[in-house]
Amino acid sequence: MISMRFGLGLVALALGPMAAQAAALPDPPWFKAPSFADFVAAYPEGPKAAKVGGRVELDCPFLASGQLGRCDVLSEKPAGQGFGAAARKVAQGFVGPTELSNGRTIAGSHTNLVINFAPDMLDQAKVAQPLWTALPTPAQFQSAFPDAASKAGVLKAKVVMSCTVAPDGGLSGCGVASEDPPGYGFGAATLPLAPTFRVKLWGTDGRPVVGGTVRVPIRYDLQQVTDPAAAK
């Protein structure tokens, strides 16, 4: 008898509803968030040319629509380089829920945002540490395991997909970056799983996610298990 275990390499699953607070929402469930392109467009011209980064902390009120009103700059480093105004512009791309968990309007609630402008995002849109909100089920992994590999007795494999994060947090334009072992169809069999992935729209590091390239490492691990009934 063969048992199957499926893992996602460096992928971490982050699920569960947010416990909303009446006055402050530290980590709202964003329905829309700024993209890498939005950051590049808002990046102050001087620092952009000099490849200088900046960090801004904002305090932003929610409107009844779930959008953010005019944000106050709590801190800006380095100061005087235009990062505060750029962060305010970027914040216009956020849309959160219209109601709190208690059913009341979100209008009047606040959230603090950290906005990081990093020079590397000017050259490449890369999501280093995605936070996954949805992943394939064990049954979907099992269905994806290639028949050719099962018949050949292959027990372990690793596939790395390279995808772009869509505006809704899904994955688009996925391709196989690597597969090991080759020749058994693991890459082609894994690609259909891409629509079942969802990533959180905003990074905990204050960097964008939408429009970025994400690598998805997936490990297949089959174990041969002795069936006592069969042995009899």
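Residues numbered from 1 in each chain as written. Predicted model: local features only at pLDDT ≥ 70, side-chain atom pairs only at ≥ 80, totals over all residues. Heavy atoms only, no water.

Colleague: Can you lay out the overall build of the protein for me, pointing to particular residues and giving the numbers?
Modeller: Scanning the protein for helices and strands turns up 7 helices and 9 strands. The burial tally for the protein puts 39% of its 232 residues in the buried class. A sequence separation of at least 24 residues applies to 78% of the contacts in the protein between residues at least 6 apart. For the protein, the computed accessible surface area is about 11,900 Å², with 54% contributed by carbon and sulfur atoms. (Helix = DSSP H or I, 4+ residues; strand = E, 2+ residues; numbered from the N terminus. Buried < 20%, exposed > 50% of the residue type's maximum accessible area, 1.4 Å probe, protein only. Contact = heavy atoms within 4.5 Å. Areas by Shrake-Rupley, 256 points an atom, 1.4 Å probe, with all protein chains shown as cover.)

Colleague: Which residues make up the packing of aromatic side chains, and what values do they have?
Modeller: Inspection of every chain in the model, using the stated rule, returns 13 aromatic pairs. Ring centres 4.6 Å apart and planes at 50° place the aromatic pair tryptophan 30 and phenylalanine 94 in the tilted group. One end of the pair, tryptophan 30, is in the loop between β1 (2-7) and α1 (36-42); the other, phenylalanine 94, is in the loop between α3 (83-91) and β4 (110-117), with 64 residues separating them in the sequence. Overall, tryptophan 30 belongs to the buried group, its relative accessible area being 10%. Between phenylalanine 145 and tyrosine 220, the ring centres sit 5.7 Å apart and the planes meet at 80°, which makes this aromatic pair edge-to-face. (Phe/Tyr/Trp six-rings, centres within 6.5 Å; stacked < 30°, edge-to-face > 60°.)

Colleague: Explain the nonpolar core to me, using residue names and the numbers behind them.
Modeller: The biggest cluster of nonpolar side chains holds 54 residues, and the ones touching the most others in it are Leu58, Phe94, Leu113, Ile115, Phe117 and Tyr220. Put simply, the parts of the chain that give this core at least two residues each are α1, β2 (54-61), α3, β4, α4 (138-144), β6 (156-165) and β9 (213-224). Ignoring anything within four residues of it in the chain, the contact list for phenylalanine 117 reads Phe39, Tyr43, Gly53, Gly54, Phe83, Ala86, Ala87 and Val90. (Core = buried A, V, L, I, M, F, W, Y, C linked by side-chain atoms within 4.5 Å.)

Colleague: Lay out unusual backbone geometry in plain terms, naming residues and giving numbers.
Modeller: Between lysine 77 and the following residue, proline 78, the backbone shows a cis peptide bond with an omega angle of -10°. Here proline 78 is to be found in the loop between β3 (72-77) and α3. Cis geometry marks the peptide bond from aspartate 180 to proline 181; its omega dihedral reads 5°. Residue placement: proline 181 occurs in the loop between β7 (171-180) and α6 (186-190). Positive phi values are uncommon outside glycine, yet lysine 51 reaches one of about 55°.

Colleague: How would you summarise the pattern of salt bridges if you had to cite specific residues and measurements?
Modeller: Enumeration over the complete set of coordinates arrives at 6 salt bridges. Among the ionic pairs, glutamate 45 bridges to lysine 48, the shortest N-O distance being 3.8 Å. Here glutamate 45 and its partner lysine 48 are both found in helix α2 (residues 45-50), 3 residues apart, which amounts to about one turn of the helix. The exposure class assigned to lysine 48 is partly exposed, which follows from its relative accessible area of 22%. Among the ionic contacts, a cluster of salt bridges with common partners joins Asp120, Asp205 and Arg207. (Salt bridge = Lys/Arg side-chain N within 4 Å of Asp/Glu carboxyl O.)

Colleague: Can you lay out a positive patch on the surface for me, pointing to particular residues and giving the numbers?
Modeller: On the surface, Lys126, Lys158, Arg215 and Arg219 cluster together to form a positively charged patch. Along the chain, arginine 219 turns up in strand β9. Residue arginine 219 is classed as partly exposed on the basis of its relative accessible area of 37%. (Patch = residues over 30% accessible without salt bridge, like charges linked within 9 Å, V, L, I, M, F, W, Y side chains within 5 Å. Lys, Arg positive; Asp, Glu negative; His and termini not counted. Charge placed at Lys NZ, Arg CZ, Asp CG, Glu CD.)

Colleague: Tell me what's going on with the sheet that holds β4, and back it up with residues and numbers.
Modeller: If you walk across this open sheet you meet the 3 strands as β3-β2-β4, and the pairing is antiparallel. The open sheet has two free edges, formed respectively by β3 and β4, since each of these has just one partner strand. Looking at each pair of strands side by side, their axes are set apart by 15° on average, direction ignored. Where β2 and β3 come together, 5 bridges link them in antiparallel fashion. The residue of β3 that forms the bridge with aspartate 59 is aspartate 72. (Pairing = 2+ DSSP bridges. Axes fitted to C-alpha atoms, helices over the stretch in contact; angles between N-to-C directions.)

Colleague: Explain the state of the cysteines to me, using residue names and the numbers behind them.
Modeller: Within the structure shown, the criterion is met by 2 disulfides. Here cysteine 60 is linked by a disulfide to cysteine 71, with a sulfur-sulfur distance of 2.1 Å. For the disulfide bridge between cysteine 60 and cysteine 71, the dihedral angle about the S-S bond is near 115°, and by the sign convention the bridge is right-handed. Taken together, the residues span a long stretch of sequence, with cysteine 60 in strand β2 and cysteine 71 in the loop between β2 and β3 at a distance of 11 residues. Both residues of the pair, cysteine 60 and cysteine 71, count as buried. Each sulfur in the disulfide pair cysteine 163 and cysteine 174 lies 2.1 Å from the other. Around the S-S axis, the bridge from cysteine 163 to cysteine 174 shows a dihedral of about 120° and counts as right-handed. Of this pair, cysteine 163 sits in strand β6 while cysteine 174 sits in strand β7, and the two are 11 residues apart along the sequence. (Disulfide = S-S within 2.5 Å.)

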